[in-house]
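Residue strings, one per chain:
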Amino acid sequence: MNAPSNMLEQIQSDALESLAAASDESVIQEIQTHFLGRKGVLTHFLRNISDLPKEVRPEAGKSANVLKKKLETAFHNALSDIQTAKQDQEPGIDITLPGRPVSCGAFHPLTLMNQEICDVFKQLGFEIVEGPEVELDYYNFEALNIPKDHPARDMQDTFYISDNVVLRTHTSPLQIRTMEKRKPPVRIIAPGKVYRCDSDITHTPMFQQIEGLLVDKNIHFGHLKGILTTFVHHIFDEQTLLRFRPSFFPFTEPSAEVDIQCVMCRGDGCRVCSQTGWLEILGAGMVHPAVFENVHYDTDQYTGFAFGMGIERIAMLKYGIDDLRKFYDNDIRFLNQF
Amino acid sequence: MKVSKSWLSEYVSIQSDTDHLADALTMAGLEIESVSDPYAHLKNVLVGKIRSIAPHPKADRLQCCRVDIGDKTISVVCGAKNIFEGALIACALPGTHLPNGLILKKTSIRDELSEGMICSETELGIGNAHEGILILDNSHTPGTLLNETLNLNDAVMEIGLTPNRPDCACMIGVAREIAAIESGTLKYPAITLNESGPDCSTMTSVTIENPDHCPRYAARVMLNVQVAPSPFWLQQRLSAVGLRPINNVVDITNFVMMETGQPLHAFDYDLLDEHRIVVRTARQDEKFTTLDKKERTMESDMLFICDGKKPVAVAGVMGGLNSEIHDGTQRVLLESAYFQPTSVRKTSKRLGLNTDASYRFERGIDPEGVIFAINRAAQLMNEICGATVCKGIVDVYPHTIPSVHIDVSVKKTHQLIGITPDQEQIESLLKSIEFTVNPIDEDLIRVNVPSFRVDVKRPQDIMEEVARLVGYNEIPSVSPGSAACVERPSRHLFYRQYIKQSMIGFGFFETINYSFISSDSADRLKLTSDDPRCHPVALLNPISEDQAVMRTSLVPGMLETIRRNLNQKNVNLKLFESGKIFLNHSNAPLPQEREGIVGIWTGTSQIENWQQTETACNFYDLKGVVEALMHRLYIKKLTFCKPEQADPYFRKGSVAWMMVKQNKVGILGEIHSDVLGAYQIKQPVYLFEINYEALYPMIPEKLSARPLPRYPSTTRDMTLILDKAVQAKEILDVMKSCNEKLVSDIQIFSVYEGNPISEGKKSMSFRITFRSWEETLKDEKINQIHTDIAKTVIKTFHADLP
């Protein structure tokens, strides 16, 4: 009779050889039964261990159990390999079926634009301020050097609540309200709704504006150009050309209108820029001394600049929107695009 | 305002082509909004010579002409009576767009071929002689372009004139700017007057009763005036800038206004009672008929020009019908005055009457230009109307308008405009626009402002002139070095942004509605008159009834938005708006502006999909959103209670107040069907409103993290049969109170009414989570608590176990 160790070696090599030759799940199961089943070879060996000489019994039992573990692992792995291989060959789920719908909302495009603009100015050290939309004539006009019965009032069609109360026509009253409360330096932007008595394809009676104001010592027109150039380059791109041309606002002197190179045609002339190659997007200027006098700032010490822009206009250019009124229709098919 | 390039060329020789000129003017502050060629429609109109005329075989009034147009001879059917063989005429060829809208085509008129049209001045839009066609003199050659041979080449530029530049509301003013831009010379028209009439002061007198309104009034008298249509060149000038030729006298006043910026008025001298002028304010409610044949009701501070007995013009605005120049006028009194700008503006505004004259007066004309203009007009009336000019001017100028001198520091100029032209450069720039400059010391200069520049009053105004003449684009862009002021961002801005962001996360779209609503909105919401929202801030001048008052609620705008979307078949909507409402404030000049948010959900809660069926949204969908929003804002003590008095636009029994620690922060419910009906909405709408003012104080200022539990939790389920009227919160409160420490959470996972549950009852299933912060709870202990809870609830609510 062979030594028990030889017998175990024989079982191991037989088992592993037949396993290596097997490629079918049922064959493996048969082999497994042959070796490890109730009547299997190794089971038989273990059951008959008591027939062995006393001195070899412990060693033989230990080895047989190790082999049993080893074979069990080998059969298990072989079976799972085959199952994995089988799964890998299956066609799988239809990944093109739509996912379970998740409703996702969106900011209104004007809010998006507003945030983008405010973010640029926040990085430039400006602080956001807000104020009333129904405003005293004083803040909306008089303190901004627009007296009653002045033709400059024709520049803005005003909604009146009473003789002295109006819907603000710009967010410029925040210049006055802020300067009344603070000493210079001042560096603010004022976003918000404004109102003008005008309604057609290119005007809605309510729209949104951002006004900016910077007051400090030694501020000059070149600084205004610097800030606005940085702004335009952030919102559009670094290649966008700007031009500043003389204009008139009662609360700034010198005053300027700021055009950017048409973002649609790059200055070649198109329908959007009325063939001029330029788009007017900002009004700006150095704060008028009369405005400083109204808030008791020392005009010998301080100068400053102010600027204002319409958010709709910039959003239309950025997002390619052709009709201003879409902003206030709130059609979900429009809102869902932002 | 329109200016014509050919007209401008009379005062300055223009070097640039039209495109460059327009660009240069724009960059100097006169924005050219458009450029047009007033004769563009004439590019297919040639000079033709009528070779032969034959009667039309089928029409008595028509004739068939053979017209030589240079390279060929064409057939043209013509109905004019003044044609003759050999006549030089204007022949429009097919393709011509006539000003009356007609587009010419090759055609046949009653079987006779017509390959063009022989035109009158009116048809061509180059004059108003409409009787008969235009007959040209012999200096023209057949085949040449009509606009070339008549020198009808022009560019008309539309200037978007800013209110500060009335000096440029005339040709000379714009020519002055061009001269400055091109370093050219401005040529004023030379005036030589032949004053052969009697002394003007013997013919008339001027009395100014209100010199505050009228600082200066000058009058001239013209005799033997022959009123007739103006010569072609004068009509052409006026038409080019958009003025309609009327007669030579009126046209001359308009021409001089367009040339110099000084509005003039011509009265029929013989229609002036006592042949004199009195300038006085009107009496309250005095009636007066202006030239446009409309009766005006005057107010007491409006200024009249009167004769010895009656008003004859509204000063600076419009003349009267009673003293108008007519065909038989023989003697003319010419007015050239300076009226107070605000006086003219008030009158023009209140009468709703804007004229070319009022436009200029209210912006401020040149007080020293009054005499130049009246002399210029006299000269033209003499030349064109054959008028005899009376000697001298009656010029009443009680209050001299002082000339302006401004001392300007060169250094401060540099500091403001960011470039450093020296004193000499500044001087030469300013001289180019007729300012005179005298140096005071090394830094200061004294600038004398010409009287036509009424906008220049302060040193900064001079600095702007310097900057714009150098060109804004020459100023380098630099970054301001001043320190940024870092302020704490306001809590309000932060929270609002956070709330909006959260709502978007919950699947809602932000909307922005108009701040004005229709005045019947409060009624449509069924609000009663004691509600402050029924008394909105009203606009004095609304655009429409739909936008007549400031919104006192965010609800109407939102319902309108829902309606618009439903009309577009957008039926599943989750929307919100964060915005202001405006409430009247009796004691303050301004209304109270309150900010808040409104959110709506309508349509489906769950969209139909291959994995799920469609479910309609309900109250609890939106309640879940509100709960989640409050959770995002760290508000823990949110409860919902039955309102004592709910807003009437909610359906009774389907509305709740949101309470945080006894404070009402908002309302949530289903919109009443009457209200939906008023907005033509045919599906249920759930809506919540939160007032930020009430909400913000409830948000904890500080966040502090809690440790995570160390011991596991266990759950037990309990199903009870309860009276239908018992509310979930009552049960939950009782359950929690049984063991506040160990009951950490209770979920309601089923609510059921109907078979086999008996009428008036409902079954509710609860899943109670038990957890201790000190130990792992043993089963026996949990079972004990669970049983206690069951007993208590059964006893309190007379509940049964299933």
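Just so it is clear, the structure is predicted and the values come from calculations on it, not from any experiment.

**Q** Help me understand the overall build of chain A in this model?
**A** When you go through chain A residue by residue, the secondary structure sums to 12 helices and nine strands. Taken over the C-alpha trace, chain A has a radius of gyration of 41 Å; the compact-globule value for 338 residues is 20 Å, which it surpasses by more than 25%. The C-alpha extent of chain A, read off along each of the three principal axes, is 125 × 45 × 40 Å. Restricting the contact set of chain A to residue pairs at least 6 apart, pairs at least 24 apart contribute 66%. Working note: accessible area of chain A is about 15,600 Å², and carbon and sulfur atoms make up 49% of it. Looking at charge distribution, chain A has the averaged site of its 33 positive side-chain charges lying 7 Å from that of its 46 negative ones.

**Q** Hey, could you run me through the sheet that holds strand β6 (residues 242-249) of chain A in this one?
**A** Where strands meet in a sheet, backbone hydrogen bonds hold them as pairs that are either parallel or antiparallel. Taken in spatial order, the seven strands line up as β1-β4-β5-β9-β8-β7-β6 (chain A) in an open sheet, and their pairing is mixed. Edge strands, defined here as strands with exactly one partner in the open sheet, are β1 (127-128) and β6 of chain A. In the packing of helix α5 (residues 109-123) of chain A onto the sheet, the strands contacted are β1, β4 (186-195), β5 (206-217) and β9 (302-310) of chain A, and the crossing angle to β5 of chain A comes to about 5 degrees. The strands touched by helix α14 (residues 459-470) of chain B are β6 and β7 (252-261) of chain A; relative to β7 of chain A, the strand with the most contacts, the crossing angle is about 30 degrees.

**Q** Is there a simple way to think about helix α4 (residues 57-89) of chain A in this case?
**A** An α-helix turns once every 3.6 residues. As a result, residues three or four positions apart point the same way. All names here are of chain A. Along its 33 residues, α4 runs 48 Å from first to last C-alpha, staying within 8% of the 48 Å computed at 1.5 Å per residue. For α4, the complete set of buried residues consists of A60, G61, A64, L67, L71, F75, A78, L79 and I82. Packing partners of the buried residues in α4 comprise α1 (4-21), α2 (25-36) and α3 (41-47).

**Q** In this structure, what is going on with the packing of α5 of chain A against helix α8 (residues 221-235) of chain A? I would like to understand it.
**A** Two measures define how a pair of helices packs: the angle their axes make with one another and the distance between the axes. All names here are of chain A. The N-to-C vectors of α5 and α8 enclose an angle of 135 degrees; their axes lie 10 Å apart at closest approach. Classed by the angle they form, the pair α5 and α8 counts as oblique. Seen along the crossing, α5 lies across α8 with a hand that is right-handed. Note on element contacts: α8 touches α5 through I227, F231, H234 and I235, opposite M113, E116, I117, V120, F121 and Q123. Here the contact of α5 with α8 is built from residues that sort into seven nonpolar, two polar and one charged.

**Q** Honestly, empty space enclosed by the protein in this entry has me stumped. Any pointers?
**A** Where empty space is left becomes clear once a probe the size of a water molecule has been rolled over the atoms. Summed over all chains, the structure comprises two cavities of 30 Å³ or more. What the largest cavity holds in volume is close to 70 Å³. Lining the largest cavity are P246 and S247 of chain A together with A28, G29, T162, N164, R165, R453, E464, E465 and R468 of chain B. Only β6 of chain A together with α14 of chain B provide two or more residues apiece to the lining of the largest cavity. Of all the elements, α14 of chain B adds the most residues to the lining of the largest cavity, at three residues. In this model, the second largest cavity occupies a volume close to 40 Å³.

**Q** Would you mind going over the interface of chain B and chain A with me for this structure?
**A** As a measure of interface size, the accessible area lost when the parts come together is often cited. Across the contact, 85 residues belong to chain B and 89 residues belong to chain A. Summed over both sides, the interface of chain B with chain A buries roughly 7,400 Å², with 58% coming from carbon and sulfur. When the area that chain B buries against chain A is broken down by residue, the three leading residues are Y472, F509 and I512 of chain B, summing to 10%. The tally of links from chain B across to chain A stands at seven salt bridges. Between D300 of chain A and K412 of chain B there is a salt bridge; the shortest N-O distance is 2.9 Å. Inspection of the region where chain B meets chain A yields 35 residue pairs in polar contact (both at pLDDT 80 or more). The residue makeup of the side of chain B that touches chain A, split by class, is 35 nonpolar, 28 polar and 22 charged.

**Q** So what exactly am I meant to see when it comes to the pattern of salt bridges here?
**A** Enumeration over the complete set of coordinates arrives at 69 salt bridges over all chains. Across the pair E299 of chain B and R350 of chain B runs a salt bridge whose closest N-O atoms are separated by 2.4 Å. Here E299 of chain B is found in the loop between β17 (295-297) and β18 (303-306), whereas its partner R350 of chain B is found in helix α9 (residues 341-351), with 51 residues between them in sequence. On the accessibility criterion, R350 of chain B (39% relative accessible area) is partly exposed. Linked through salt bridges whose partners overlap, the residues forming this network are R243, R245, E257, D259 and E280 of chain A together with D23 and E31 of chain B.

**Q** Explain the state of the cysteines to me, please; I cannot follow it from the model alone.
**A** This model, assessed by the stated rule, comprises zero disulfides over all chains. Take C270 of chain A: it sits in no disulfide, and the sulfur closest to it among the cysteines is that of C262 of chain A, at 3.6 Å. You can see C170 of chain B has no disulfide; the closest cysteine sulfur is in C168 of chain B, sitting 7.1 Å from it.

**Q** Would you mind going over the nonpolar core with me for this structure?
**A** One broad rule of soluble globular proteins: the nonpolar side chains tend to lie buried together. Counting 121 residues, the largest nonpolar core has F231 and F307 of chain A as its most contacted members. If one sorts the elements of this core by residue count, α8 of chain A sits on top with seven residues. Judged by nonpolar contacts, the second largest core, of 94 residues, contains Y11, L186, V221 and L380 of chain B.

**Q** Which parts of the structure should I look at to understand the sheet that holds strand β25 (residues 436-439) of chain B?
**A** Residues and elements named next belong to chain B. As summarised here, the arrangement of the three strands in space is β24-β26-β25, forming an open sheet in which the pairing is antiparallel. In the strand order of this sheet, the two ends are held by β24 (404-409) and β25, each with one partner. Each strand axis lies, on average, 25 degrees off the axis of its neighbour in the sheet, ignoring direction. Of the pairings in the sheet, the one linking β25 to strand β26 (residues 444-449) comprises four bridges and is antiparallel in character. The partner of N438 across the bridge, within β26, is R446. Helix-sheet contacts for α14 involve β24 and β26, and the interaxial angle to β24 is about 75 degrees.

**Q** Can you walk me through the packing of aromatic side chains in this structure?
**A** Where two aromatic rings form a pair, the distance of their centres and the angle of their planes describe that pair. The tally for this structure, following the rule as stated, stands at 30 aromatic pairs over all chains. For the ring pair F121 of chain A and F307 of chain A, a centre distance of 5.1 Å and an interplane angle of 25 degrees mean the geometry is stacked. Highlighted residues: F121 of chain A in helix α5 and F307 of chain A in strand β9, separated in sequence by 186 residues. Here F121 of chain A matches F307 of chain A in class, with each residue buried. A centroid spacing of 5.9 Å and a plane angle of 20 degrees characterise the contact between F494 of chain B and Y498 of chain B, whose relative ring orientation is stacked. Taken together, the residues F494 of chain B and Y498 of chain B, both in helix α15 (residues 491-505) and four residues apart, mark about one turn of the helix.

**Q** So what exactly am I meant to see when it comes to the domain arrangement of chain A here?
**A** What the domain assignment lists for chain A is domain 1 (4-86) and domain 2 (109-335). Each of domain 1 of chain A and domain 2 of chain A has a C-alpha centre, and the two are 87 Å apart.

**Q** What is the right way to read the packing of helix α7 (residues 232-240) of chain B against helix α8 (residues 248-260) of chain B from this model?
**A** Residue and element names in this part refer to chain B. Contact geometry of α7 with α8 gives a least axis separation of 10 Å together with a crossing angle of 50 degrees. The angle between α7 and α8 falls in the class oblique. Both α7 and α8 take part in a crossing whose hand is left-handed. For the pair formed by α7 and α8, the contact residues are W233, L234, R237 and L238 on the first element and D251, I252, N254 and F255 on the second. Split by residue class, the contact of α7 with α8 holds five nonpolar, one polar and two charged.

About the criteria used
Residues numbered from 1 in each chain as written. Chains lettered and ligands numbered in written order. Predicted model: local features only at pLDDT ≥ 70, side-chain atom pairs only at ≥ 80, totals over all residues. Heavy atoms only, no water. Helix = DSSP H or I, 4+ residues; strand = E, 2+ residues; numbered from the N terminus. Rg over C-alpha atoms; globule rule 2.2 N^0.38 Å. Contact = heavy atoms within 4.5 Å. Areas by Shrake-Rupley, 256 points an atom, 1.4 Å probe, with all protein chains shown as cover. Lys, Arg positive; Asp, Glu negative; His and termini not counted. Charge placed at Lys NZ, Arg CZ, Asp CG, Glu CD. Pairing = 2+ DSSP bridges. Axes fitted to C-alpha atoms, helices over the stretch in contact; angles between N-to-C directions. Expected span 1.5 Å × (residues − 1). Buried < 20%, exposed > 50% of the residue type's maximum accessible area, 1.4 Å probe, protein only. Parallel < 35°, antiparallel > 145°, perpendicular 65-115°, else oblique. Left-handed = near helix turned anticlockwise from the far one by under 90°. Nonpolar A, V, L, I, M, F, W, Y, C, P; charged D, E, K, R; others polar. 1 Å grid on protein atoms, 1.4 Å probe; cavity = no way out; pocket = protein on both sides within 12 Å on 5 of 7 lines; lining within 4 Å. Points joined across faces, edges and corners; volume = space filled by probe spheres on them. Buried area = accessible area lost by both parts, 1.4 Å probe. Salt bridge = Lys/Arg side-chain N within 4 Å of Asp/Glu carboxyl O. Polar contact = N/O pair within 3.5 Å; in protein donor to acceptor, adjacent residues only side chain to side chain. Disulfide = S-S within 2.5 Å. Core = buried A, V, L, I, M, F, W, Y, C linked by side-chain atoms within 4.5 Å. Phe/Tyr/Trp six-rings, centres within 6.5 Å; stacked < 30°, edge-to-face > 60°. Domains from an automatic or database assignment.

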